[in-house]
Amino acid sequence: MKQNRETVSPMSNEGRNSYVIEQITKSLLTLLEEKAIAHISISELCDNAGIGRASFYRNFNSKEDILKVYINQLFHGWKSDWEKNNNLPFSSAIGMIFEHFEQYRAFYHLLNEQHLIYLLKDVILDTMDLKPDLPKDEAYAKAFVAYSLYGWIEVWFQRGMQESAEEMKQLFQSQGI
C-alpha cells in the first residue's frame, strides 16, 4: 500500500516530512502572491512556514524545486486519469491537459505572473515520455508535439487564458497535430 498523508501517522518520519513539504509549498505560494521568487529568502520562506532551514534543505535544493514538486503532484492526477483511459484519442489527452490548467487556473496564473511558466516544460516533456533512445521518427514527433504544446500553453497563459479548454483543444486539433 502506497503511503500518503491519510495513511501515514503524523508522528512518523514520513508524516512529518509530508507536513513540512506541504507547509513549505503553502508558504512559497503565499509569498509569491506578494513578490518575485528572487526576492524571497530561504529564511523568510522557512519562518513563514514555521519550519527550520534544515527541513527545507532536507527536501529541496532550491525554491524552484518546491514548485516543480508541486507541479508534478498536480500533473500526477491528470496523468492517472489519462492512464486509466489510455485508449482515448490523442486529442482527448490534449483536451484533458487544457482542462487541467483551467482547473488550477489560479496557480498557473501565479506562475505566469511571476515568470515561472518555464517550470512546466520539463513536466510536459516527461508526460510525453521523451527519451533519447526512442526511434528517431517517434522521438522527433513527440518532441514536436511536446514543444508545440508548451508554446501554446505559454501563449494561452500570457493571453490571460481567454479561450476555454475546449477552444484550445479545437485550435490545437485544427493545426493537424
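None of the values given here were measured: they were computed from a predicted structure.

A.B. asks: Can you help me understand the packing of aromatic side chains in this one?
C.D. replies: Considering all chains together, one arrives at 11 aromatic pairs under this definition. Seen in terms of ring centroids, phenylalanine 98 and tryptophan 156 are 5.2 Å apart; in terms of plane orientation they differ by 85°. Their pairing is edge-to-face. In this pair, phenylalanine 98 sits in helix H5 (residues 90-103) while tryptophan 156 sits in helix H8 (residues 136-158), placing the two residues 58 residues apart along the sequence. Both residues of the pair, phenylalanine 98 and tryptophan 156, count as buried.

A.B. asks: Explain the packing of helix H7 (residues 120-127) against H8 here, please?
C.D. replies: Two quantities define a packed helix pair, namely the angle between the axes and the distance from one axis to the other. For the pair H7 and H8, interaxial distance at closest approach is 9 Å and the crossing angle is 140°. For H7 against H8, the interelement crossing comes out right-handed. Contact residues: Leu120, Lys121, Ile124 and Leu125 in H7; Ala146, Tyr147, Leu149, Tyr150, Ile153 and Phe157 in H8. Partitioned by chemical class, the residues of the contact of H7 with H8 number nine nonpolar, no polar and one charged.

A.B. asks: Can you help me understand the nonpolar core in this one?
C.D. replies: Soluble globular proteins tend to bury their nonpolar side chains together. Core analysis: the biggest nonpolar cluster contains 49 residues, and Leu67, Phe101, Tyr108 and Leu120 have the highest contact counts within it. Looking at this core, the elements with two or more residues in it are helix H1 (13-32), helix H2 (42-49), helix H4 (63-84), H5, helix H6 (105-113), H7, H8 and helix H9 (165-174). Per-element tally for this core: the top contributor is H8, with seven residues. When residues no more than four places from it in sequence are discounted, the contact partners of phenylalanine 101 are Phe75, Tyr108, Leu120, Ile153, Trp156, Phe157 and Met161.

Conventions and cut-offs
- Residues numbered from 1 in each chain as written.
- Predicted model: local features only at pLDDT ≥ 70, side-chain atom pairs only at ≥ 80, totals over all residues.
- Heavy atoms only, no water.
- Phe/Tyr/Trp six-rings, centres within 6.5 Å; stacked < 30°, edge-to-face > 60°.
- Helix = DSSP H or I, 4+ residues; strand = E, 2+ residues; numbered from the N terminus.
- Buried < 20%, exposed > 50% of the residue type's maximum accessible area, 1.4 Å probe, protein only.
- Axes fitted to C-alpha atoms, helices over the stretch in contact; angles between N-to-C directions.
- Left-handed = near helix turned anticlockwise from the far one by under 90°.
- Contact = heavy atoms within 4.5 Å.
- Nonpolar A, V, L, I, M, F, W, Y, C, P; charged D, E, K, R; others polar.
- Core = buried A, V, L, I, M, F, W, Y, C linked by side-chain atoms within 4.5 Å.

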